[in-house]
Amino acid sequence: MFGLGTKNIGIDLGTANTIVYVDGKGIVLREPSVVAKNSKTGEIVSVGEDARAMIGRTPASIVAIRPMKDGVIADYDTTVAMMKYYIQKTLGSSNGKPYVMVCVPSGATEVEKRAVIDATRVAGARDAYVLEEPFAAAIGAGLPVMDPTGSMVVDIGGGTTDVATISLGGIVSSRSIRMAGDKLDEAIVAYVRQHFNLLIGERTAEQLKWDIGSASKTAVSADDVSSIRGRDLITGLPKTIDVSAVDIAAAIHESVEEIITAVKETLEETSPEIAADVIDHGIVLTGGGALLHNLPDVIADATKVPVFIANDPLDCVAIGTGESLKSIDVMKKK
């Protein structure tokens, strides 16, 4: 497809999206981590954007699966099929097998890391290596990870939020919590169900989050509303209602507080020298969750440390993974 030969590739294998970076080319593919499968035959019907469009709209024989849960593999065979599709789509007609670097949450166990490596090899990699997400995010955000100065990154993805302080090429202290974009969507679904007797889908909840969602309850207005459609739980019929930004802020408040707690706990574990560096340079937010309205201000208020959103927050992990391919020879010797 791209005539890439057998260049090494980096994969940000996310719960919500998979992003592929090719050495020398940059990001070449970005698709949802969704696979549509025929439940009777086991046949893969579609992968990525086409499969995501089927969520909640499939006949009984076809199921739309998200094989990654909380940043790690939940359905091994489906993950292999998805990765095989993405690697083949990236490499096109090339017959060579690439070396592949894949990101995992900082809290992933050795078993979970091994599952990612095995799945990548089965999917067509010559060999596979794993890199911790916050470290990759810090590289992608342009932080001086190899210098003797402390940096702090908060990577809020679909399945996990990874918080880490980094210095001299390694993670000094970190937290990985399974509270991120997906949980925010679930909180919105639950809130709308409880307060409006309306059942909405994940995609509607996600759209609400981006349209009028806010990490701050005080920075929003009740006049800021969005119309949503769902099923009335009392009549069972379709219904359209208006939901305000105040409602959505209330729905996700507890989830946002969990993320703030993880940031605080990581700072508390950090040495005074690195804490001083973090105060000087600030905390950098990456991942899709970084785009939640007012989140930098809320974290800054809670920690008394400046907070910034990285350039291209959605791509930081993939870019960092791709940059780390330059030192893949070091990984081969491990």
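Since the model is a prediction, treat every value here as computed from it, not as a measurement. (Residues numbered from 1 in each chain as written. Predicted model: local features only at pLDDT ≥ 70, side-chain atom pairs only at ≥ 80, totals over all residues. Heavy atoms only, no water.)

1. Brief notes about the domain arrangement of the chain
Interface extent is often summarised as the accessible area lost during association of the parts.
Reasoning step 1: Domain assignment breaks the chain into domain 1 (9-135 + 316-332), domain 2 (141-179 + 256-313) and domain 3 (181-252).
Reasoning step 2: Its C-alpha centre places domain 2 at a distance of 28 Å from the equivalent point of domain 3.
Reasoning step 3: The interface of domain 2 with domain 3 comprises 14 residues on the first partner and 13 residues on the second.
Reasoning step 4: For the domain 2 and domain 3 pair, buried surface summed over both sides reaches about 1100 Å², with 63% attributable to carbon and sulfur atoms.
Reasoning step 5: Together, Val256, Leu292 and His293 form the three largest contributors to the area buried by domain 2 at its contact with domain 3, with a combined 41%.
Reasoning step 6: Connecting domain 2 to domain 3 are seven residue pairs in polar contact (both at pLDDT 80 or more). (Domains from an automatic or database assignment. Contact = heavy atoms within 4.5 Å. Buried area = accessible area lost by both parts, 1.4 Å probe. Polar contact = N/O pair within 3.5 Å; in protein donor to acceptor, adjacent residues only side chain to side chain.)

2. Re the packing of aromatic side chains
Reasoning step 1: Taken as a whole and judged by the stated rule, the model has two aromatic pairs.
Reasoning step 2: With a centroid separation of 5.4 Å and 65° between ring planes, the pair formed by Tyr85 and Tyr86 is classed as edge-to-face.
Reasoning step 3: Classification of Tyr85 by relative accessible area gives partly exposed; the value is 32%.
Reasoning step 4: The ring centre of Trp210 lies 4.8 Å from the NZ or CZ of Lys209, which sits over that ring. (Phe/Tyr/Trp six-rings, centres within 6.5 Å; stacked < 30°, edge-to-face > 60°. Buried < 20%, exposed > 50% of the residue type's maximum accessible area, 1.4 Å probe, protein only. Lys NZ or Arg CZ within 6 Å of the ring centre and 35° of its normal.)

3. Thoughts on the sheet that holds strand β2 (residues 17-22)
Reasoning step 1: Read from one edge of the open sheet, five strands run β3-β2-β1-β9-β10, paired in mixed fashion. Both outer strands of the open sheet, β3 (26-32) and β10 (127-132), are each paired with one neighbouring strand and no more. Pairs of neighbouring strands in the sheet enclose a mean axial angle of 20°, with direction left out of account.
Reasoning step 2: By the bridge criterion, five bridges tie strand β1 (residues 9-13) to β2 in an arrangement that is antiparallel. Bridge pairing in β2 places Asp12 opposite Ile19. (Pairing = 2+ DSSP bridges. Helix = DSSP H or I, 4+ residues; strand = E, 2+ residues; numbered from the N terminus. Axes fitted to C-alpha atoms, helices over the stretch in contact; angles between N-to-C directions.)

4. Remarks on the packing of helix α7 (residues 245-268) against helix α9 (residues 295-303)
Reasoning step 1: Taken N-terminus to C-terminus, the directions of α7 and α9 make an angle of 45°; their axes are 10 Å apart at the nearest point. Regarding the angle of α7 to α9, the classification is oblique. Note on packing geometry: the crossing formed by α7 with α9 is right-handed. Contact with α7, carried on its side by Val256, Ile260, Val263, Lys264 and Leu267, involves Leu295, Val298, Ile299, Ala302 and Thr303 of α9 and no other residues of that element. (Parallel < 35°, antiparallel > 145°, perpendicular 65-115°, else oblique. Left-handed = near helix turned anticlockwise from the far one by under 90°.)

5. Things to note about a nonpolar patch on the surface
Reasoning step 1: A cluster of nonpolar residues, Trp210, Leu291, Ile309 and Leu314, forms a patch on the protein surface that exposes about 340 Å² of accessible area.
Reasoning step 2: As for its position among the elements, Leu314 is in the loop between β18 (307-309) and α10 (316-324). (Patch = residues over 30% accessible without salt bridge, like charges linked within 9 Å, V, L, I, M, F, W, Y side chains within 5 Å. Areas by Shrake-Rupley, 256 points an atom, 1.4 Å probe, with all protein chains shown as cover. Salt bridge = Lys/Arg side-chain N within 4 Å of Asp/Glu carboxyl O.)

6. Quick word on the environment of Ser244
Reasoning step 1: Its location among the elements puts Ser244 in strand β16 (residues 238-244).
Reasoning step 2: A relative accessible area of 10% means that Ser244 is categorised as buried.
Reasoning step 3: Put simply, Ser244 and Ser327 are 83 residues apart on the chain and 49 Å apart in space, counted from C-alpha to C-alpha.
Reasoning step 4: Once you skip the residues sitting within four places of it in the chain, Ser244 turns out to touch Ile212, Ala222, Asp224 and Val225.

7. Description of the packing of helix α4 (residues 133-140) against α10
Reasoning step 1: Two elements in contact, α4 and α10, have axes whose closest approach is 6 Å; the angle formed by their N-to-C orientations is 90°. With respect to their mutual orientation, α4 and α10 come out roughly perpendicular. Along the contact surface, α4 presents Glu133, Ala136, Ala137, Ile139 and Gly140, while α10 presents Cys316, Val317, Ile319, Gly320, Thr321 and Glu323.
Reasoning step 2: Here the contact of α4 with α10 is composed, by residue class, of six nonpolar, three polar and two charged. (Nonpolar A, V, L, I, M, F, W, Y, C, P; charged D, E, K, R; others polar.)

8. Some words on the pattern of salt bridges
Reasoning step 1: In total, this model carries 17 salt bridges according to the counting rule given.
Reasoning step 2: Put simply, Arg121 and Asp127 hold a salt bridge, and the shortest N to O gap is 2.8 Å.
Reasoning step 3: Asp232 serves as the salt-bridge partner of Lys239, at 3.4 Å between the closest nitrogen and oxygen.
Reasoning step 4: By relative accessible area, Lys239 is classed as partly exposed at 34%.

9. Remarks on the nonpolar core
Reasoning step 1: Counting residues in each nonpolar core, the largest one holds 44 residues, and the members touching the most others are Ile188, Ile200 and Ile283.
Reasoning step 2: Those elements that provide at least two residues to this core are β11 (151-156), α5 (181-196), α6 (202-212), β16, α7, α8 (272-281), β17 (283-286) and α9.
Reasoning step 3: Here the element with the most residues in this core is α7; it accounts for eleven residues.
Reasoning step 4: The residues that make up this core include at least three from each of domain 2 (141-179 + 256-313) and domain 3 (181-252).
Reasoning step 5: If we ignore the near neighbours within four places in the chain, the residues touching Ile200 are Ile188, Val189, Val192, Ala205, Leu208, Ile228, Arg229 and Gly230.
Reasoning step 6: Among the nonpolar cores identified, the runner-up in size contains 29 residues, and Val47, Met68, Met83 and Tyr86 belong to it. (Core = buried A, V, L, I, M, F, W, Y, C linked by side-chain atoms within 4.5 Å.)

10. Quick word on the side chain of Asp315
Reasoning step 1: Its location among the elements puts Asp315 in the loop between β18 and α10.
Reasoning step 2: A polar atom in the side chain of Asp315 sits 2.5 Å from the side chain of Arg30.
Reasoning step 3: Setting aside its immediate chain neighbours within four residues, Asp315 contacts Ile19, Ile27 and Arg30.

11. Overview of the sheet that holds β16
The strands making up a sheet associate through backbone hydrogen bonding, with each pair oriented either parallel or antiparallel.
Reasoning step 1: Spatially, β14-β15-β16 is the arrangement adopted by the three strands of the open sheet, whose pairing is antiparallel. Lying at the two open borders of the sheet, with one neighbouring strand each, are β14 (198-199) and β16.
Reasoning step 2: In terms of strand pairing, β14 meets strand β15 (residues 225-232) through two bridges, oriented antiparallel. When the sheet's bridge partners are listed, Leu198 is paired in β15 with Asp232.

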